[in-house]
Amino acid sequence: MSSWSEVVGRRFGDGAPLSEGADDNDFLRRVLSRKTVRRYSDRIPAEELLDRLVACALSASAKSDFQQASILRVRDQQKRAAIGELFPSMPWIGAAPAFFIFLGDARRLQRIGEIRGKPVRNGTLEGFFNASIDAALAMQTMILCAESVGLGVCPISVIRNEIDKVAAVLGLPDLVFPVAGLCLGYPEGEGHVSLRLPRTLTTHADRYDDSALGLAIDDYDRRRHALHAIPREQQRSNAEFGEAEFYGWSEDKARQAAKAEGAAFPPYLRSHGFSFD
Ligand SMILES: Cc1cc2nc3c(=O)[nH]c(=O)nc-3n(C[C@H](O)[C@H](O)[C@H](O)COP(=O)(O)O)c2cc1C
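Since the structure is predicted, the reported quantities are computational estimates derived from the model, not experimental observations.

**Student:** How should the sheet that holds strand 1 (residues 69–73) be read in this particular structure?
**Tutor:** What holds strands together in a sheet is hydrogen bonding between their backbones, with the strands either parallel or antiparallel. If you trace the four strands from one edge of the open sheet to the other, you get 1-2-4-3, paired in antiparallel fashion. In this open sheet, the two strands that pair with only one neighbour each are strand 1 and strand 3 (152–156). Adjacent strand axes in the sheet meet at a mean angle of 25° when their direction is disregarded. When strand 3 meets strand 4 (residues 176–185), the two strands line up antiparallel, connected through five bridges. Paired with Cys154 across the two strands is Cys183, which belongs to strand 4.

**Student:** Is there a simple way to think about the pairing of strand 2 (residues 98–105) in this case?
**Tutor:** Looking down a regular strand, the side chains alternate between one sheet face and the other. Of all eight residues making up strand 2, eight are buried, and the element is well covered by its neighbours. Side chains of strand 2 alternate between two faces, with Ala98, Phe100, Phe102 and Gly104 and Phe99, Ile101, Leu103 and Asp105 buried alike. Relative to strand 2, strand 1 runs antiparallel, the two being bridged by five bridges. Across the sheet, residue Ile71 finds its bridge partner in strand 2, namely Phe102. Note that strand 2 and strand 4 share eight bridges and pair antiparallel.

**Student:** Would you explain helix 7 (residues 125–148) in this entry?
**Tutor:** Given 3.6 residues per turn, any residue in an α-helix points the same way as the ones three and four places further on. Over its 24 residues, helix 7 runs 34 Å from end to end, which matches the ideal 34 Å to within 8%, given 1.5 Å per residue. Positive phi shows up at Gly150, right after helix 7, with a value of about 90°.

Here is what the cut-offs are and how they apply
Residues numbered from 1 in each chain as written. Predicted model: local features only at pLDDT ≥ 70, side-chain atom pairs only at ≥ 80, totals over all residues. Pairing = 2+ DSSP bridges. Helix = DSSP H or I, 4+ residues; strand = E, 2+ residues; numbered from the N terminus. Axes fitted to C-alpha atoms, helices over the stretch in contact; angles between N-to-C directions. Buried ≥ 20, exposed ≤ 12 C-beta atoms within 10 Å, placed from the backbone. Expected span 1.5 Å × (residues − 1).

Written out as structure tokens, the structure is:
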């Protein structure tokens, strides 16, 4: 079994130790070593296990106990194929043994208001935000539970790039929107733990301070490049930004974020019940 310093070293590689003395705990060790899985073996997860994982996901915390997450399992092969074909660069969407969609569901509370005869308006920014968080927490709960029993998963937010088509396939009503899909199956191959930013950047004590960002990112880029360099042929938008001699994580993420995704999502939401007041 790996020591704490080994697991935390693989995750952060920043030399900062993990506090010793805490009780040993296999779940924590697994979380520190977790990784997204996009290739799955032919072994099909048992229905009883999937059922249990859905129950675990729906046990996540929920803002104000409003319970605004819904989970949709796509079982119909034609629907799976119809969604998968929209994203040919991500074949795992159509191929994973199981595929769930985590929905922000602001509709249910709105309907409960109608049933109880109360003036509920849940298409607000608050309603959207709360439903999004509930769905994200439910998904992350399923992720950690699935990984704890040896399954591998991959969240899929790219479905929002084709929101109109995906919503039509799934028959989503107003005020219900996908936060992300989740591919799930038994892992094929090892994969690797993705190095996270140093905790000196992502944690703060008493006062927010990002004054060391530039130097820390430079250092992170080089450490990450030494472990898993991004191949030259995977550099993004070279026609626009030119080929980079050194292409690290921050160059990749800045190029990715410069090409904003999800243009179809805001108009979809606005035409499906959200005013964001
Ligand atoms: C909300 C969310 C959406 C994601 N969407 C996609 C996606 O559409 N396609 C994909 O292949 N991976 C997707 N991922 C997986 C991330 O790329 C992955 O978590 C990240 O690279 C970090 O890797 P790790 O989870 O192995 O640490 C998503 C992850 C999250 C949390």
